[in-house]
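Below are the chains, spelled out letter by letter.
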There are 4 protein chains.
Amino acid sequence: MTKKIAIIGASGYTGGELMRLLICHEGVDIVKATSRNYEGKNITDVHQNLLGFTDLKFANEPLEDMAKETDLMFFALPHSKAMGLVPKVYGKTRIIDLSADYRLKDSDDYDRSYTTHESPSLIDEFVYGLPEYNREKIRGAYNIANPGCFPTASLLALIPLAKENLLTGNVVIDAKTGSSGSGVNPSKVAHHPERACDFRAYKVLGHQHQPEILQELKRYNEGLFDQTFVTHSTPMIRGIFITAYVFPKKEISEEELKDIYEKYYEDEQFVRIVDQARCTVVKNTNFCDLSLHSDGRKLVITAAIDNLIKGASGTAIQNMNLMLEFDENTSLMYPGWYP
Amino acid sequence: MTKKIAIIGASGYTGGELMRLLICHEGVDIVKATSRNYEGKNITDVHQNLLGFTDLKFANEPLEDMAKETDLMFFALPHSKAMGLVPKVYGKTRIIDLSADYRLKDSDDYDRSYTTHESPSLIDEFVYGLPEYNREKIRGAYNIANPGCFPTASLLALIPLAKENLLTGNVVIDAKTGSSGSGVNPSKVAHHPERACDFRAYKVLGHQHQPEILQELKRYNEGLFDQTFVTHSTPMIRGIFITAYVFPKKEISEEELKDIYEKYYEDEQFVRIVDQARCTVVKNTNFCDLSLHSDGRKLVITAAIDNLIKGASGTAIQNMNLMLEFDENTSLMYPGWYP
Amino acid sequence: MTKKIAIIGASGYTGGELMRLLICHEGVDIVKATSRNYEGKNITDVHQNLLGFTDLKFANEPLEDMAKETDLMFFALPHSKAMGLVPKVYGKTRIIDLSADYRLKDSDDYDRSYTTHESPSLIDEFVYGLPEYNREKIRGAYNIANPGCFPTASLLALIPLAKENLLTGNVVIDAKTGSSGSGVNPSKVAHHPERACDFRAYKVLGHQHQPEILQELKRYNEGLFDQTFVTHSTPMIRGIFITAYVFPKKEISEEELKDIYEKYYEDEQFVRIVDQARCTVVKNTNFCDLSLHSDGRKLVITAAIDNLIKGASGTAIQNMNLMLEFDENTSLMYPGWYP
Amino acid sequence: MTKKIAIIGASGYTGGELMRLLICHEGVDIVKATSRNYEGKNITDVHQNLLGFTDLKFANEPLEDMAKETDLMFFALPHSKAMGLVPKVYGKTRIIDLSADYRLKDSDDYDRSYTTHESPSLIDEFVYGLPEYNREKIRGAYNIANPGCFPTASLLALIPLAKENLLTGNVVIDAKTGSSGSGVNPSKVAHHPERACDFRAYKVLGHQHQPEILQELKRYNEGLFDQTFVTHSTPMIRGIFITAYVFPKKEISEEELKDIYEKYYEDEQFVRIVDQARCTVVKNTNFCDLSLHSDGRKLVITAAIDNLIKGASGTAIQNMNLMLEFDENTSLMYPGWYP
C-alpha cells in the first residue's frame, strides 16, 4: 500500500530534491509539503523543475495533525530549527531529520558547534543514517539523523581504513563544496560575481562538521589519531570533493588499499571504486565515487558526491526505503548525466 | 518483445545520452555501440557516468551485419559522415540519423551549408523527426532525419505562429548555445579559459541551421516572410535558448498569443508554457519551455531546451518510441534537477 | 594641481571600480568615499582588491560639506537614490551621476520606468555623458548623467547608422549581461546555483533602459523607426553583449557598413572594430569592441563591453577627465587580460 | 636607455601575459616575439586583447641573431622545449626561462619528472628566480629559472616555517588550479563541458612540481620532514590556491604564526597577509595573498595567486626588473579587479 509522506521545510534545495525523488518513487505519496514563506503557493512556483509533476501547494499547519496521517516525515529545515519541532511529533510517526540536530551524540559537541540544544533527551533515540554502515539499525528505526554532506563523503572514504585500524597520526581531510551547499537563500558567499571565479577556504579548523566526522570514525578505529578538516568553496553548483591524507604506521601498497575497499564496498550499490573520482560524473546521482592512491607510506583517498543527493536527500530516501521496507535503491538507481 | 538497437558513433555526447536513455528504457536492448577510436574499450571508459549500468564494449564491425540483427540503428556521427554509411543499411533496418545529412529536402541547400551530398536520392525517404508536428508520419516511418538543436527550439517556438499565418516581415531568431553543442572533441571555442567568461556571436548570418529552420517554417506559413538567424556561445554546458522576434501585421495581445500556443501544445507532454523559460530548469530533460510576450505589435517568444536531449538524443528516443510502438514518453518523462 | 574627488556610495561594484581607476590616476585624490552601511570601516574591508593601495575609511557626513572641499563628486548609488541628494550639492561642485536619475529628458519617461522623480527641474542641467558623441558638451559641463550599461553598448553600436539615417523599420536589440550588473547585494537572480548554468530573458519588452536608448537614437535619425529591446542573463560575471538587427530600406554591403563605422570611430581610442566582438577580450577594460555584418538587406552589429567599466565607471572617469581637462584616456588606456 | 627584449614562444598564455606586462613597462621594447605556428601573423590575431597596443608580427628566425640584438630573452615554451634551444644563446644575452628545464638542480629529478635533460651542464648556471628569497642572486644573474606556478604559491606559504625550522612530520600541500594552467591548446581536461561543473584530483602523488617544492624547502629547513602534494582541477580560469597543513613539534599560536610571517613579508610588496586568501581577489595581479591559521598543534596556511602572473609571467618580469636594474615592481604594481 502506498505510504504517506510529509516534508517539513520543502522550499529549499534539499526539500526540492526530496520532492523530485519521491515523485519518481511508486510506493509513496507526498501528502504535505510545508513552507511558512510560501504557504498556499504552488510547489512549482518555487521548484519550477517539477512543473507537470505535482499540483500540490505549500502547506503550513500543525505538525501534530500531519503526524497522524503520515507514515514518515522528513525535516528539511536549517540547522537548529528541527529540534524545537521534532518533539511535537516524536513517537507519532517516523522521522528523518536532514539537519544536524540529532547527529552529535554528545550534546556538548552540538552546543559548541551550533547552539544550545533544545531537546537533548531525544538525541539518543536517533540512529545515524549512513546506510552503508548502519543498515540494520536503520531498518528497524523510527528516527533517523541523516548525515551531513561533508561527513557522508569523508566517512565513506575513511571508514574502511578505520575498520582496519589503520588511521594513525594526523588524518587530513581537505574538503571542497559547490555553491548549492549554501542553500536557496542568496548570500554573499554564493553571490555569482563573488563565486564564479573564486576559490577560498572558510571556517578553517572550525567547521561544524568536524566533530560529526570524528565521532563516527572513532566508533571503528581503536587506535589514537587526530584529524584536521578544512573546507573550501569552489565555483561549481553541485558536488562535494574530499581529499583525505592518511599516514599509516605500516606500509600499504595501492593493491592492498584497493583490496580493503573492495571488501567493504563490493556489494554496495552506491559506492563505486574508480580510477579518478569526479564531481561532474556523480552530479545529480546518489553515487559516491572513490579513488585510491598509495605510495606505500602515504595514502590519498578522494571521494566525489552530489551534496544535495548522496550528501542529503538521496541518502534520506535510501533511509526511508529501508525503514518502509522498499528496495533500498528505489527511485535512486539511475545513471548520471554527462557532461 | 525487447527490441534490438545499435548506435553508430557512440563515443560522443549525443551517443552517450542515447545510451543513457536506452539503458533506462525497459523495451530495448543496446546490442552494438560503435566507435572507430575506442574499438574494444569499455563503454564506461568513455562514458564514466554509465559505470555499473553496462558491460558493453565499443564495436567496429560491418554495418550490414548489424542491420540484420537490429530493429533500429541510430547514427550519431558528425555531419557528412552518415550519408556515406546509411546506403549500406538502408531498407534493412529502421534508421534514425541525428546528423543533418537527410534533413534538407533540397540537396542544393545541403551542398551550400555542408558539403556535396553523397546519397541525395535517399533524402526524400527520410521523415523530418519533429514529433510534435509530424507524429503520424513518424509512426509509420522507417527512416528519420532527427532535427537539429537550434531548429528544434526555433520550430517549437514559431510553428504555432506559422500555422496561424502570422509570420510576416523579418522574423529574427537570436540563438544562444551551451558548450556541449561543440561536441566531445576539445576545440578552441569550447576551451574552458576561452569560454568560461565569454559571450560572442559566431557564424553570423551564415549558420548551417538557417535553411533547415526556414524549410520547416515555410511548410506552414502561406505568407511571405524573411528570417534572420544569429547564433551565440554562452558559458553554460547544456542548453539552447532562443529569443524570437515577430512583428505581425495585425495586433495580437499577450492573451491571444497564449491562446494560440495553448491550442497547439495543451496535449503535448514535452512542451510547457511558462512565465520565464530558463535553461537551468530544462537541463537534463526532454522538455521545451516556452514563454510568450506581446505588447500588441511586437511578439517575443523565448524557448529553452537541453541541446543534447530535446535538441538531439531525447527527440531521437521520442521518434524511436513512435516507430517501435512504445509509449512516446518512455524513458523520457522525469522531472529536471534544480538547481 | 591635484583635484579632489568624492564618491557617494562607494561600497558597491561601480564604486569599487571608480576607486580603483582613481587610485591609478595621478591627477586626482579621493578625499571621501561614503557608505551608510560601512561607515568607519576600512575601504579595503569591502574592496579587498585595494589592499595596499588605500588607507581610506568609509565616511558618512553631510554632502554639503563635501561639496565645498571637492572638485567633483561621483554619485554611485542605486537608481532613485541620487535624485534626493543631488539638489544638496548642485551648483557647488561638479557632479557625475552614474544612476539613471538624470538621463531621461522627459520626466514622464522616468516616472514610468523608475518612480516619481524628486527633482525634475534639474534634469535639463545634466549632459548625457557619452563621450564619443557629446565630447564638447561634456568638456564644459558641471553635471553629467552617465549612460546606462545597455545604452552605452547599444548606442555605440547604432548611432553611426542613426547618423546616416539608416535606421528604419523595427530595430531589434537583443542584449545579454553578466551577473555583476545585478550589483553587490546578493539576490535570487545572481545566486550562483541559479545563475551558473542558466540562460534566461528578463523584463521582456519592459526594461527601463529601453526609453534611454530610444531617446538618444532619436536625436540622430530623422526617419521613423521602432525599437525592440530584450535583456538576458548569462553566467559570466562581467560583460554586456548586444546583437542589433537593422533592416535598412536600401542595400548596404558589409564593405559599406565598415566604411560607415570607420568614419565615426577611426579617431576613437576606446571603440575598436574587430572581426568578432567578445566579452572576455574587453573584460576589465574601457573598450567597446564592435563587429559588423551584412548580407545586403540585413545588418547585424554586435558590441561587447565590460558593464562596470565602459558601461559605468570607466565612462565616468572618461567624463571626469574631459571636465577636469586631463587627457581623456588617463588611467583608462591599458590592454585587457586574456584569457 | 630602453632595453631590448625578445620572447621565444609568444603565442601561449604566459607569452601573452609577458607581452601585456612589457607593453605597460616604459623601460623596455619588445623587439621580437616568436611562434612557429603563427610566423608572419599579427600578434593581435592571437592575443586579441592587445589590439591597439602593438603592431608586431610573430617572428621565427635564428635565436643566435636575436641574442645579439637583445638585452634579455624570455623563453615561454612548454617544458622540455627550452633546454634544446637555450645552449644556442647561452652567454650571449640574459635568459629567463619560464619552463621547468633549469629548475631542478639534480638532473635525475628532472629525468624522472619530465624527460632526459639535453643540457644538464647548464643547470647550475641558472638561479632559481623566486625574488622574495633570492633577490640578491637574481640581481647579478644572467640566467634565471623562473619558478613553477604551484611551487611559487607553496614556497611563499611555507618558506617562513622552513626558515624557522618548524617543518616536521608530513607537510601536506593540497593544491588547486584554474584551467589556464593547462595552456592555450585545447585539451580534454580543459574542455569546457568537462571542466565547468567538475572538481577532480590529478597526478595524485606524482606531480612534476613535487621535487621542485621539496628541493627549495630543504634549502631552509634543517630538520627532517616529508611532503605530500596533490593537485586538483577547479572550474575557474585563473588562479592557484594551496592549502598547506603543518604539524610542528611545539605549539605555535595563531599570533606567533602571524608574527613569523610578518617578519618575512613586512617589506615584500607582492605578498599580503590577509584574513581570507581568495583567488578572485588576486586574479590578474602579481600578488600572493596568504592567510594563517593555527589551533596550536595544527597549522594551516592558505595561499592564492594568479597562476599566469605571480605564478609565471609576473614573477618573470619581477626578475627582469632586478636583472636590468629597474624598480622591482615596475609594470606590476596595480590593484586587482573585483569582482
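Located above this text is the structure these notes cover.
What counts as what
- Residues numbered from 1 in each chain as written.
- Chains lettered and ligands numbered in written order.
- Predicted model: local features only at pLDDT ≥ 70, side-chain atom pairs only at ≥ 80, totals over all residues.
- Heavy atoms only, no water.
- Helix = DSSP H or I, 4+ residues; strand = E, 2+ residues; numbered from the N terminus.
- Rg over C-alpha atoms; globule rule 2.2 N^0.38 Å.
- Buried < 20%, exposed > 50% of the residue type's maximum accessible area, 1.4 Å probe, protein only.
- Contact = heavy atoms within 4.5 Å.
- Areas by Shrake-Rupley, 256 points an atom, 1.4 Å probe, with all protein chains shown as cover.
- Lys, Arg positive; Asp, Glu negative; His and termini not counted.
- Charge placed at Lys NZ, Arg CZ, Asp CG, Glu CD.
- Least-squares fit on C-alpha atoms with pLDDT ≥ 70 in both.
- Buried area = accessible area lost by both parts, 1.4 Å probe.
- Salt bridge = Lys/Arg side-chain N within 4 Å of Asp/Glu carboxyl O.
- Nonpolar A, V, L, I, M, F, W, Y, C, P; charged D, E, K, R; others polar.
- Polar contact = N/O pair within 3.5 Å; in protein donor to acceptor, adjacent residues only side chain to side chain.
- Pairing = 2+ DSSP bridges.
- Patch = residues over 30% accessible without salt bridge, like charges linked within 9 Å, V, L, I, M, F, W, Y side chains within 5 Å.
- Axes fitted to C-alpha atoms, helices over the stretch in contact; angles between N-to-C directions.
- 1 Å grid on protein atoms, 1.4 Å probe; cavity = no way out; pocket = protein on both sides within 12 Å on 5 of 7 lines; lining within 4 Å.
- Points joined across faces, edges and corners; volume = space filled by probe spheres on them.
- Phe/Tyr/Trp six-rings, centres within 6.5 Å; stacked < 30°, edge-to-face > 60°.
- Core = buried A, V, L, I, M, F, W, Y, C linked by side-chain atoms within 4.5 Å.
- Arc of directions from axis to C-beta.

Enquirer: Outline the overall build of chain A, listing residues and values.
Expert: Secondary structure summary: chain A contains 12 helices and 13 strands in total. Computed over C-alpha atoms, the radius of gyration of chain A comes to 19 Å, within 12% of the 20 Å expected from 2.2 N^0.38 for 339 residues, which places it in the range of a compact globule. C-alpha extents for chain A along the principal axes are approximately 60 × 45 × 40 Å. Counting the 339 residues in chain A, one finds 68% classified as buried. Long-range contacts, defined here as pairs at least 24 residues apart, represent 69% of the contacts in chain A between residues at least 6 apart. For chain A, the accessible area works out to roughly 11300 Å², and carbon and sulfur atoms hold 44% of it. Both charge centroids of chain A, one from 37 positive and one from 46 negative side chains, sit 3 Å from each other.

Enquirer: Residue-level account of the relation of the copies chain B and chain C, with values.
Expert: With an RMSD of 0.0 Å, chain B superimposes on chain C once it is rotated by 180 degrees and translated 0.0 Å along the axis. Both copies are brought into coincidence by an operation consistent with a two-fold rotation axis. In terms of proximity to the rotation axis, the leading residue of chain B is Pro-235 of chain B, whose C-alpha is 3.1 Å off the axis. A share of 100% of interface residues in chain B that are also interface residues in chain C marks the association as one of identical surfaces.

Enquirer: Please provide a residue-by-residue account of the interface of chain D and chain A, values included.
Expert: The partner chain A presents 42 residues to the 42 residues of chain D that form the contact. Across the chain D/chain A interface, buried area totals approximately 3400 Å², and carbon plus sulfur atoms make up 61% of it. Counting across the interface, chain D meets chain A through eight salt bridges. One salt bridge connects Asp-174 of chain D with Lys-176 of chain A, and the closest N-O pair in it is separated by 3.3 Å. Elements with a contribution of two residues or more to the side of chain D that touches chain A: strand E7 (169-177), helix H8 (192-195), strand E8 (200-202), strand E9 (225-233), strand E10 (240-246), helix H11 (279-282), strand E12 (288-294) and strand E13 (299-305) of chain D. Broken down by class, the residue content of the side of chain D that touches chain A amounts to 21 nonpolar, 11 polar and 10 charged.

Enquirer: Before we move on, could you go through the interface of chain B and chain C and cite the residues and values that matter?
Expert: With 42 residues of chain B at the interface, the matching set in chain C holds 42 residues. Each partner contributes to the roughly 3400 Å² buried at the junction of chain B and chain C, and carbon and sulfur atoms together form 62% of this total. Joining chain B to chain C, the criterion identifies eight salt bridges. Our count for the chain B to chain C interface comes out at 26 residue pairs in polar contact (both at pLDDT 80 or more). Mapped by element, the contributors of at least two residues to the side of chain B that touches chain C are strand E7 (169-177), helix H8 (192-195), strand E8 (200-202), strand E9 (225-233), strand E10 (240-246), helix H11 (279-282), strand E12 (288-294) and strand E13 (299-305) of chain B.

Enquirer: Give a description of the pairing of strand E4 (residues 94-97) of chain D that names residues and reports values.
Expert: Residues and elements named next belong to chain D. Neither face of E4 is exposed, since Arg-94 and Ile-96 on one face and Ile-95 and Asp-97 on the opposite face are all buried. In this sheet, E4 lies alongside strand E3 (residues 72-75) in parallel orientation, the contact comprising four bridges. If you follow Leu-72 over to E4, its bridge partner there is Arg-94. As judged from the three bridges shared by E4 and strand E6 (residues 143-145), these two strands associate in the parallel manner. For Ile-96, the partnering residue across the bridge sits in E6 and is Ile-144.

Enquirer: Would you mind going over a negative patch on the surface in detail, with residue names and values included?
Expert: All names here are of chain A. On the surface, a cluster of negative charge is made up of Glu-255, Glu-256, Asp-259, Glu-262, Glu-266 and Asp-267. Within the secondary structure, Asp-267 sits in the loop between helix H10 (254-265) and strand E11 (271-273). Classification of Asp-267 as exposed rests on a relative accessible area of 69%.

Enquirer: Could you give an account of the sheet that holds E13 of chain D, with specific residues and numbers?
Expert: Note on sheets: strands pair through backbone hydrogen bonds, and any given pair is parallel or antiparallel. All names here are of chain D. The sheet built from seven strands is open, its strands ordered E8-E9-E7-E10-E13-E12-E11 with mixed pairing. Edge positions in the sheet fall to E8 and strand E11 (271-273), since each has one partner strand and no second. Ignoring which end each strand starts from, the neighbouring axes of this sheet average 25 degrees apart. Where E8 and E9 come together, three bridges link them in antiparallel fashion. Each residue of the ladder has a partner; that of Arg-200, found in E9, is Ser-233. On the sheet, helix H9 (residues 210-220) packs against E7 and E9 and is oriented at approximately 140 degrees with respect to E9.

Enquirer: How would you explain empty space enclosed by the protein if you had to name every residue and give the values?
Expert: Enumeration according to the criterion identifies five cavities of 30 Å³ or more in this entry. Here the largest cavity is characterised by a volume of approximately 240 Å³. Its residues assigned to classes, the lining of the largest cavity comprises 20 nonpolar, four polar and no charged.

Enquirer: Describe the packing of aromatic side chains, listing the residues and the values that go with them.
Expert: Applying the stated criterion across every chain, the model contains 52 aromatic pairs over all chains. On the numbers, 6.2 Å between centres and 20 degrees between planes, the contact of Phe-199 of chain A with Phe-199 of chain D is stacked. Residue Phe-199 of chain A is found in the loop between helix H8 (192-195) and strand E8 (200-202), and its partner Phe-199 of chain D is found in the loop between H8 and E8; the two belong to separate chains. Here the aromatic rings of Phe-270 of chain B and Phe-287 of chain B are separated by 5.9 Å at their centres, their planes lie at 55 degrees, and the arrangement is tilted. You can see Phe-270 of chain B sitting in the loop between helix H10 (254-265) and strand E11 (271-273) and its partner Phe-287 of chain B sitting in the loop between H11 and E12, a full 17 residues away along the chain.

Enquirer: With reference to specific residues and values, describe the nonpolar core.
Expert: Counting 206 residues, the largest nonpolar core has Phe-74 of chain A, Phe-74 of chain B, Phe-74 of chain C together with Phe-74 of chain D as its most contacted members. Those residues in contact with Phe-74 of chain C that sit more than four places away from it in its chain are Ile-5, Ala-6, Ile-7, Ile-8, Leu-18, Leu-22, Ile-96, Leu-98, Ala-316, Ile-317 and Met-320 of chain C.

Enquirer: Summarise the relation of the copies chain D and chain A; cite the residues concerned and give the values.
Expert: When chain D is fitted onto chain A, the two copies agree to an RMSD of 0.0 Å after a turn of 180 degrees and an axial shift of 0.0 Å. When the interface residues of chain D are mapped onto chain A, 100% of them are again interface residues, pointing to one common binding face.

Enquirer: Mind laying out the sheet that holds E4 of chain D, listing which residues take part and the relevant values?
Expert: All names here are of chain D. In space, the six strands of this open sheet follow the order E2-E1-E3-E4-E6-E5, with parallel pairing throughout. In this open sheet, the two edge strands, each paired with only one partner strand, are strand E2 (28-34) and strand E5 (127-128). In this structure, strand E1 (residues 3-8) lies alongside E3, joined through four bridges in parallel fashion. Bridge pairing in E3 places Ile-8 opposite Phe-75.

Enquirer: Can you explain the pattern of salt bridges? Please cite residues and give values.
Expert: The full count for this structure, using the stated rule, is 92 salt bridges over all chains. Arg-112 of chain B serves as the salt-bridge partner of Asp-109 of chain B, at 2.6 Å between the closest nitrogen and oxygen. Highlighted residues: Asp-109 of chain B and Arg-112 of chain B, both in helix H5 (residues 107-113), separated by three residues, approximately one helical turn. Residue Asp-109 of chain B is classed as buried on the basis of its relative accessible area, which comes to 18%. Residue classification places Arg-112 of chain B among the exposed residues on the basis of a relative accessible area of 61%. Salt-bridge contacts for Lys-258 of chain B lead to Glu-254 of chain B; the nearest nitrogen and oxygen are separated by 3.8 Å. Here Glu-254 of chain B and Lys-258 of chain B lie together in helix H10, a separation of four residues that amounts to about one turn. Owing to a relative accessible area of 29%, Lys-258 of chain B belongs among the partly exposed residues under this scheme. Judged by relative accessible area, Glu-254 of chain B falls into the partly exposed class, the value being 29%. By sharing partners, the salt bridges in this structure join Lys-188, Glu-194, Asp-198 and Arg-200 of chain A together with Arg-278 of chain D into a single network.

Enquirer: I'd like a rundown of the environment of Glu-132 of chain A, residues and numbers included.
Expert: Residue and element names in this part refer to chain A. With respect to the secondary-structure elements, Glu-132 resides in helix H6 (residues 131-139). Judged by its relative accessible area of 8%, Glu-132 is buried. Distance from Glu-132 to Phe-270, taken between C-alpha atoms, is 8.8 Å for residues 138 residues apart in sequence. Ignoring anything within four residues of it in the chain, the contact list for Glu-132 reads Leu-156, Glu-268, Phe-270, Val-271, Lys-310 and Gln-318.

Enquirer: Explain helix H6 (residues 131-140) of chain B residue by residue, including any values.
Expert: All names here are of chain B. Those residues of H6 that fall on the buried side of the exposure criterion are Pro-131, Glu-132, Tyr-133, Asn-134 and Ile-138. End-on, the buried residues of H6 take up no more than an arc of 145 degrees, which puts them together on one face. In H6, the exposed positions that point more than 90 degrees away from the buried face belong to Glu-136 and Gly-140.

Enquirer: Break down the environment of Tyr-220 of chain C for me, citing the residues and quoting the values.
Expert: Residue and element names in this part refer to chain C. Looking at the secondary structure, you find Tyr-220 in helix H9 (residues 210-220). Sequence spacing of Tyr-220 and Ile-159 is 61 residues, and the spatial spacing of their C-alpha atoms is 7.2 Å. Leaving out residues up to four positions away in the same chain, Tyr-220 has contacts with Tyr-133, Asn-134, Ile-159, Ala-162 and Lys-163.

By themselves, these are just geometric observations and shouldn't be taken as functional.
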